[in-house]
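Coordinate inspection notes
Residue strings, one per chain:
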Amino acid sequence: MVGALIGAVEQGLIYGIMALGVYLTFRVLDFPDLTVDGSFVTGAATAAAMIVMGYSPVLATLVAIVVGFVAGVGTGLLHTKGGINPLLSGILMMIALYSINLRIMGWTVENAVGRPNIPLLQSETLFSQYTAWATSLGIPVEISIILFAAVGVTVVKLALDAFLKTEVGLALRATGDNKRMIRSFSGNTSTLTILGLGLSNGLVALSGALIAQYGKFADVGMGIGMIVIGLASVIIGEALFGTKSIVRVTLAVVIGAVIYRLVLAFALRIEFLDTGDMKLLTAAIVVLALIVPGKLGETKKRLARKRLQSKSVTKGGTELVNHS
Amino acid sequence: MLTIRNLHKRFNESSHDEKIALHDLSLHLNDGDFVTIIGSNGAGKSTLLNCVSGTLQGDGGTIEIARNQVDSLAEHARAKWIGRVFQDPMAGTSPSLTIEENLAVAHARNRKRSWRFATSKTKRDHFRAALEVLHLNLENRLTTKVGTLSGGERQALSLLMATFTNPSLLLLDEHTAALDPARAELITQLTKQLVNDQQLTTLMVTHNMQQAIDLGNRLIMMDQGKIIYEADAETKKQLNVQHLLEEFKKIKGSHALSDRMLLEV
């Protein structure tokens, strides 16, 4: 059980990077970007393919980020230059990436065009290199990966926080907030939207590249429902920790991603549930996270109203008594 | 400085409800001119401002701002010369950004945005000093999210942001119309003060005749996409609301006032 929990936290932290990407588009840019299902796999496929072809895991991971960025730019161009609605732009890019991902993985085999998966069991990965280094320092394997993931996601979170406070970052936030306003202050909303989508999908691809190395395989289907998982993390995090400031929300989103994994880990221990039910569970968690906070707020308001009413009734009562 | 030559704008072109919004309109503002524009609904006042700012593209004619031909430039590219305040008090600011972040966005209007932090100690002092002019105590609330401010406060902030980096041209589009009378008066005073202090070249649309007379050094009246009356600095000093109404009647004929003029006296 403890092992499963540690695994869930490790995964949660790595998926947290993806959730930060989703936060950047859905919340900051107010752009529901569905590219994520594709670009997550693109990151995994690029990293895995390059590692199998003998490139260093570090370089493979960096290239994965760049390829993810390009995918996001593609979605941005479809929307801003092509005038296609945001949801459809993302869906189109996502479906296009499915084929592209097969092709990327196909590069590793000489006489095949596409390839649906790449195992990394025998290959050096960021994680295998790192754990070897950590053990040599005497850090036990059980906590070394958690440490690695925590430091990694923290660096990404702080970098994102810092970026969102730069002049370009402010313009990007204003683009999601009030397009008319930022245009009147020389902000090119098209460029900013494209930049935001690029950065977001770069993060998503980074997360994919890391998950592929963590799980020792890349698979063309590993991105299905990724956007919902990202959204679940964002919503859970925001519901629990609020949205007071950027610094706080980005932390909330990462913790949300970890909580999501933990909930899933617990749910899968229920006997009649199978790993195949994961997507159904995910959908259920998001539905709950979307509905419950709203309903709770309503109940709170209703109770408050009732209390107020009962107060005014007693007040009226005493007045009547006084009159008589 | 602004020069508009033969500006033409049509809506719903070649359909049965085609409407000429601007008809061969020419206008020149010298440096430091403050021109108020009045006219009934549909006269083309807002269309004129939208064509100048680049929100709308004219169908013909040319627009020059600070000696730059801007006709082919998009809205955001023209914005380096233009400060703008909208009628909607929510339109000019970004609600999820703090007051200082909004000012930082405004601060970067006429230069390239950098990858450096948008706020710094020096900038904050500068922002605080600028906010003091408003007398709304916003200088002590730099890290408050703008979305939590009242409409009047947001419009005052919008006005400050629009004039922040000394624009070559200030466009005010009925920017007091959506506020209650007390707030409208406050914004009017602030407008007077900010424009005066920086000697800004200003084009202001208003529904309020008294405001049009009180503010600025020139006044123009528009109707059906044309300038039908213009008062220069000398004439404007003598002007009152009665004069303007008579002028309007003279030009439009006696039935003018039944024509749903919608001008507030």
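Everything numeric in this text was worked out from a predicted model, so none of it was measured.

**Some details on the nonpolar core**
- Of all hydrophobic cores here, the largest spans 118 residues; its most connected members are Met18(A), Leu172(A), Ile99(B), Leu103(B) and Leu131(B).
- Considering every element that reaches this core, the biggest residue donor is helix H1 (residues 2–28) of chain A, with 12 residues.
- Apart from the residues lying within four places of it in its own chain, the contact partners of Leu103(B) are Phe127(B), Leu131(B), Leu157(B), Leu160(B), Met161(B) and Phe164(B).
- Grouped together as the second largest cluster of nonpolar side chains are 25 residues, Leu7(B), Leu171(B), Leu203(B) and Val205(B) included.

**Quick word on the UniProt feature "domain: ABC transporter" (unreviewed entry) in chain B**
- Per the UniProt record, "domain: ABC transporter" (unreviewed entry) is annotated on residues 2–249 of chain B.
- With 35% helix and 24% strand, the stretch residues 2–249 of chain B has end C-alpha atoms that lie 30 Å from each other.

**Here's the deal with the interface of chain A and chain B**
- Listed as interface residues are 24 residues of chain A and, on the opposing side, 34 residues of chain B.
- Each partner contributes to the roughly 2,500 Å² buried at the junction of chain A and chain B, and carbon and sulfur atoms together form 58% of this total.
- Taken together, the links from chain A to chain B amount to four salt bridges.
- As a salt-bridge pair, Arg173(A) and Glu101(B) come within 3.0 Å of each other at their nearest N and O atoms.
- Our count for the contact surface shared by chain A and chain B stands at 17 residue pairs in polar contact (both at pLDDT 80 or more).
- Examining the composition of the side of chain A that touches chain B, we find that seven residues originate from one element, helix H7 (residues 167–177) of chain A, more than from any other.

**Remarks on helix H9 (residues 241–252) of chain B**
All names here are of chain B.
- Across its 12 residues, H9 extends 16 Å between first and last C-alpha, which sits within 8% of the 16 Å expected from 1.5 Å per residue.
- Those residues of H9 that are buried lie in contact with strand E3 (34–39), helix H7 (209–214), strand E9 (218–223) and strand E10 (226–231).
- Its side-chain oxygen at 3.1 Å from the backbone nitrogen of Gln242, Asn240 defines the N-terminal cap of H9.

**Re the side chain of Arg78(B)**
All names here are of chain B.
- Tracing the chain through its elements places Arg78 in helix H2 (residues 75–78).
- Only 2.9 Å separates the side chain of Arg78 from the backbone oxygen of Val52, close enough to count as a polar contact.
- Among the polar contacts listed, one links the side chain of Arg78 to the backbone oxygen of Val70, at a separation of 3.1 Å.
- Ignoring anything within four residues of it in the chain, the contact list for Arg78 reads Cys51, Val52, Ser53, Gly54, Gln57, Ile63, Val70, Asp71 and Leu73.

**Description of the pattern of salt bridges**
All names here are of chain B.
- Tallied over the entire structure, the rule returns 17 salt bridges over all chains.
- With a closest N to O distance of 3.7 Å, Glu64 and Arg5 form a salt bridge. Residue Glu64 is found in strand E4 (residues 60–65), and its partner Arg5 is found in strand E1 (residues 2–11); the two are separated by 59 residues along the sequence.
- With a closest N to O distance of 3.6 Å, Lys237 and Glu234 form a salt bridge.

**Details of the UniProt feature "transmembrane region" (unreviewed entry) in chain A**
All names here are of chain A.
- As recorded in UniProt, the feature "transmembrane region" (unreviewed entry) lies at residues 12–29, 49–71, 83–100, 143–164, 185–214, 220–242, 249–268 and 280–297.
- Taken as a whole, residues 185–214 contains 87% helix and 0% strand, while its terminal C-alpha atoms sit 44 Å from one another.
- Summarising residues 220–242: 70% helix, 0% strand, and an end-to-end C-alpha distance of 35 Å.

**Notes on empty space enclosed by the protein**
- Summed over all chains, the structure comprises one cavity of 30 Å³ or more.
- Lining of the largest cavity is provided by Ser184(A), Ser53(B), Thr55(B), Glu75(B), Arg78(B), Ala79(B), Ile82(B) and Arg84(B).
- For the lining of the largest cavity, the secondary-structure elements that each account for two or more residues are H2 and strand E6 (82–85) of chain B.
- Split into classes, the residues belonging to the lining of the largest cavity amount to two nonpolar, three polar and three charged.

**Notes on the sheet that holds strand E2 (residues 19–29) of chain B**
Residue and element names in this part refer to chain B.
- Ordered in space as E2-E1-E4-E5, the four strands form an open sheet in which the pairing is antiparallel. Each of the sheet's edge strands pairs with one partner strand only, and the pair in question is E2 and strand E5 (68–69).
- Of the strand pairs in this sheet, E1 and E2 are connected by seven bridges, and their pairing is antiparallel. If you follow Leu7 over to E2, its bridge partner there is Leu25.
- The strands that helix H1 (residues 45–53) touches are E1, E2 and E4; relative to E1, the one it contacts most, it runs at about 115 degrees.

The rules behind each value
Each chain carries its own residue numbering, running from 1 in the written order of its sequence. Think of it this way: whatever chain is written first is A, whatever ligand is written first is 1, and the rest follow in order. Where local features are concerned, this predicted model is filtered to residues with pLDDT of at least 70; where side-chain atom pairs are given and counted, the filter is 80 or more; whole-chain, interface and lining totals use all residues. Side-chain metrics in this entry use all non-hydrogen atoms of the structure; hydrogen atoms and water are not considered. Nonpolar cores were defined as sets of buried Ala, Val, Leu, Ile, Met, Phe, Trp, Tyr and Cys residues, with membership established by side-chain atoms within 4.5 Å. Each residue is assigned to one of three classes by its accessible area relative to the maximum for its type, calculated with a 1.4 Å probe on protein chains only: buried under 20%, partly exposed between the two thresholds, exposed over 50%. Numbering goes from the N terminus for both helices and strands, where a helix is a DSSP run of H or I of at least four residues and a strand is a run of E of at least two. We call two residues in contact when some of their heavy atoms are within 4.5 Å. UniProt positions are given in the numbering used here, feature names are shortened, and annotations may be inferred rather than shown by experiment. Note on definitions: buried area is the accessible-area loss of two parts on being combined, 1.4 Å probe, summed for both. Salt bridge, as applied in this entry: a Lys or Arg side-chain nitrogen positioned within 4 Å of an Asp or Glu carboxyl oxygen. Pairs of N or O atoms are called polar contacts if they sit within 3.5 Å, as long as, within protein, a hydrogen donor faces a hydrogen acceptor (for residues adjacent in sequence, only side-chain-to-side-chain pairs). Expected span of a helix, by definition, is 1.5 Å for each gap between consecutive residues, and there is one gap fewer than residues. Think of a 1 Å grid over just the protein atoms. A cavity is a set of points where a 1.4 Å probe fits yet cannot get out, a pocket is an open set with protein on both sides within 12 Å along at least five of seven lines, and lining residues have an atom within 4 Å of a point. Grid points are joined across faces, edges and corners, and a volume is the space filled by probe spheres set on the points. Any residue outside Ala, Val, Leu, Ile, Met, Phe, Trp, Tyr, Cys, Pro, Asp, Glu, Lys and Arg is labelled polar, Gly included; the first ten of those are nonpolar and the last four are charged. Only strands that DSSP links by at least two bridges are regarded as paired with each other. Fitting a line to C-alpha atoms yields each axis, with helices limited to the stretch in contact; the angle taken between N-to-C directions then spans 0 to 180 degrees.

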